[in-house]
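# Structural description and commentary
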Amino acid sequence: MRIWLSRPHMSGYEEARVAEAFASNFVAPLGPQLDEFEDTVTEYLGGGVHCVGLSSGSAALHLALRLAGVGQGDEVWVSSMTFAGGIFPVNYLRAQPRFFDLDPTSWTIDVDVLAEQLDIAASEGRLPKAIVPTDLYGQSVDLAALERCAANYDVRLIVDSAESLGASYKDGRMAGTGGDAAILSFNGNKIITTSGGGMLVTRHKAWADEARFLATQARDPAPHYEHSTFGYNYRLSNICAAIGLGQMEVLNERVERRREIFGRYREALSRPGVSFMPEPDGWRSTRWLTALAIDAALTDVSREDIRLMLLEHEIEARPLWKPMHMQPLYSGTPYYGSGVDERLFEQGLCLPSGSDMTNEQQDEVIERVATLLDSRI
Ligand SMILES: *Cc1c(COP(=O)(O)O)cnc(C)c1O
């Protein structure tokens, strides 16, 4: 592959931070770099939250669901169009998912559909334990509306912000600060990476304390190992946190670059039948991945035609996430909506969006896609 969808992009500051960690021998899932990384992210998010560094975004969601009291048989209502890591933790806890469609004006969870179903569920006495909407492709969900829903029915709200670090919502709040808790991911393909890692962000200090306890094998205070509940080995390595410190130095630059890449694609590829992921007024997406939809009825070119053509030229593009209600694993699971996500899956494509992609590389992608589109229109 010559042009990747989204690759790790080092700033050059990471190695010195890793060397510091080695020099002090904190080659462990604790240490000063981990503490500083948590503080740095807290400050970046504007304060008022507690951050717990973890081994992955999936681990963060697992802990958040457990903190929300989710257990066997409980319902968790989630965005259907999401990545597996944003849903599998529901299975770890033997809880039951229900899937929700996207709003066509934001490509994030449709809050009207959700509110309607909460109303029905409340009247039938079967409310979910938690709601987990996904900030898709770098864009915040409609936080205020979701928080209202969650408060109305006293349901915990956990926002999957794994894809949206650096984005903001219309009231100025940073993605990752909403709800009872949010999760972040620092996997290699995300906007910044620790090689692998995640974070639980919560405004409840008690949740953060409990997350630290559970993430380090639930050790009760005692000189020996004493356990009144079971935990996990989920803390972030101090070495990985040191990489994160180097990456945080350039997070704003990375957001700017991804937005610039999106802008260049939109400028060059907008045509009848080609629509880009909308950004509602006042919201600021990171454009983690440039997502667009191709209506083959108008363009005479399908998203697969484009994807396969790019692949032939060693350019990686991918369909949008396949909605979970369409996955074999979740067949028969309740789904609410009108299939906006199904249509976006059929028509949707993510184009190479890495911040380390050069303009020349992007021009090649643009030229190839434009040529194919123009050959048919
Ligand atoms: C990446 C991602 C996750 C999982 O994060 P990991 O760090 O890979 O475990 C969860 N949800 C969404 C929406 C993601 O994109």
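Residues numbered from 1 in each chain as written. Predicted model: local features only at pLDDT ≥ 70, side-chain atom pairs only at ≥ 80, totals over all residues. Heavy atoms only, no water.

To be explicit about the condition: UniProt positions are given in the numbering used here, feature names are shortened, and annotations may be inferred rather than shown by experiment.
Under an unreviewed UniProt entry, the name given to the chain is dTDP-4-amino-4,6-dideoxygalactose transaminase, and the source organism is Qipengyuania nanhaisediminis. Looking at the chain in UniProt, the text filed under Sequence similarities (unreviewed entry) is "Belongs to the DegT/DnrJ/EryC1 family."

## Considerations on the overall build of the chain
Selection rule: Only DSSP runs of H or I with at least four residues qualify as helices, and only runs of E with at least two residues qualify as strands; both kinds are numbered from the N terminus onward. Radius of gyration here uses only the C-alpha atoms, and the compact-globule reference equals 2.2 Å multiplied by the residue count raised to the power 0.38. Under the scheme applied here, a residue whose accessible area is under 20% of the maximum for its type counts as buried, over 50% as exposed, and between as partly exposed, the area being computed with a 1.4 Å probe on protein chains only. We call two residues in contact when some of their heavy atoms are within 4.5 Å. Note on areas: these come from Shrake-Rupley sampling with a 1.4 Å probe, and a residue is covered only by the protein chains present in the view.
Helix and strand content of the chain: 13 helices and 14 strands. The globule rule puts the C-alpha radius of gyration for 377 residues at 21 Å, and the 21 Å found for the chain is close to it. Structurally, the chain occupies a C-alpha span of about 75 × 60 × 35 Å along its principal axes. Put simply, the chain has 377 residues, and 57% of those count as buried. Taking the intrachain contacts of the chain between residues at least 6 apart in sequence as the baseline, contacts between residues at least 24 apart amount to 74%. When the accessible surface of the chain is summed, it comes to about 15,300 Å², and 49% of that surface belongs to carbon and sulfur atoms.

## Focus on the UniProt feature "modified residue: N6-(pyridoxal phosphate)lysine" (unreviewed entry) in the chain
Feature annotation in UniProt assigns "modified residue: N6-(pyridoxal phosphate)lysine" (unreviewed entry) to the following positions: Lys190. Here Lys190 lies in the loop between strand 8 (181–185) and strand 9 (198–202).

## Focus on the sheet that holds strand 10 (residues 274–276)
Note the threshold: Any two strands between which DSSP finds at least two bridges are classified as paired. Angular values range over 0 to 180 degrees, each being the angle between N-to-C directions of two axes fitted as lines to C-alpha atoms, with helices fitted over their stretch in contact.
Ordered in space as 10-11-14-12, the four strands form an open sheet in which the pairing is antiparallel. Two strands lie at the open edges of the sheet, namely strand 10 and strand 12 (318–319), each paired on one side alone. With three bridges connecting them, strand 10 and strand 11 (residues 290–294) associate as antiparallel partners. If you follow Val274 over to strand 11, its bridge partner there is Ile294. Contacting strand 11, strand 12 and strand 14 (348–351), helix 12 (residues 340–347) runs over the sheet at an angle of about 55° to strand 14.

## Brief notes about the domain arrangement of the chain
Operational definition: Domain delimitation in this document rests on an assignment produced automatically or drawn from a domain database. Buried area, as used here, totals the accessible surface that two parts lose on assembly, with accessibility defined by a 1.4 Å probe and the loss added over both. Polar contact is the term for a pair of N or O atoms within 3.5 Å; when the atoms are in protein, one must be able to donate a hydrogen and the other to accept it, and sequence-neighboring residues count only if both atoms are side-chain atoms.
Taken as a whole, the chain is organised into domain 1 (14–248) and domain 2 (251–376). Computed over C-alpha atoms only, the centres of domain 1 and domain 2 are separated by 26 Å. Summing the contributions of domain 1 and of domain 2, the shared interface buries around 3,800 Å²; its carbon and sulfur component is 65%. Connecting domain 1 to domain 2 are 23 residue pairs in polar contact (both at pLDDT 80 or more). When contributions to the side of domain 1 that touches domain 2 are tallied by element, the ones reaching two or more residues are helix 4 (88–92), strand 3 (96–100), helix 5 (111–123) and helix 8 (238–248). With four residues, strand 3 is the single largest residue contributor to the side of domain 1 that touches domain 2.

## Structural notes on helix 7 (residues 205–215)
Selection criterion: The arc in question is traced by the directions running from the helix axis to the C-beta atoms.
Of all the positions in helix 7, only Trp207, Ala208, Ala211, Leu214 and Ala215 are classed as buried. Taken end-on, helix 7 shows its buried residues confined to a sector of 130°, consistent with a single buried face. Each element contacted by the buried residues of helix 7 is listed here: strand 1 (50–54), helix 3 (57–67), strand 7 (156–160), strand 8 and strand 9. Positive backbone phi, at 70°, marks Gln217, one or two positions downstream of helix 7.

## Describing the site of the ligand
Note the following rule: The nearness test applies per residue and asks whether one of its heavy atoms lies within 4 Å of the molecule or strand. Ten residues, namely Ala, Val, Leu, Ile, Met, Phe, Trp, Tyr, Cys and Pro, are considered nonpolar, four, namely Asp, Glu, Lys and Arg, are considered charged, and the remaining ones, Gly among them, are considered polar.
Near the ligand lie 15 residues; those nearest to it are Ser58, Asp160, Glu163, Ser185 and Lys190. With respect to the ligand, the backbone of Gly57 contributes an N or O atom lying 2.7 Å from an oxygen atom. Within the side chain of Ser185, an N or O atom sits 2.7 Å from an oxygen atom of the ligand. Across the complex, the protein chains shield 95% of the 380 Å² of accessible surface that the ligand would expose by itself. Looking at the shell around the ligand, its residues break down into two nonpolar, 10 polar and three charged.

## Remarks on the pattern of salt bridges
The criterion, for reference: The rule for a salt bridge is simple: a side-chain nitrogen of Lys or Arg has to be within 4 Å of a carboxyl oxygen of Asp or Glu.
This structure, assessed with the given rule, holds 25 salt bridges. Lys129 is the partner of Asp74 in a salt bridge, and the nearest nitrogen-oxygen pair spans 3.6 Å. With Asp74 in the loop between helix 3 and strand 2 (75–79) and Lys129 in the loop between helix 5 and strand 6 (130–132), this residue pair connects regions lying 55 residues apart in the sequence. Measuring nitrogen to oxygen at the nearest pair gives 3.3 Å for the salt bridge that ties Arg156 to Asp180. Here Asp180 lies in the loop between strand 7 and strand 8 and Arg156 lies in strand 7, a separation of 24 residues in the sequence. Taken together, the shared-partner salt bridges connect Glu147, Asp171, Arg173 and Arg203 into one network.

## Observations concerning the UniProt feature "active site" (unreviewed entry) in the chain
The positions UniProt marks with the feature "active site" (unreviewed entry) are Lys190. What Lys190 contacts, discounting residues up to four positions off in sequence, is Ala162, Glu163, Ser185, Arg258 and Trp288.

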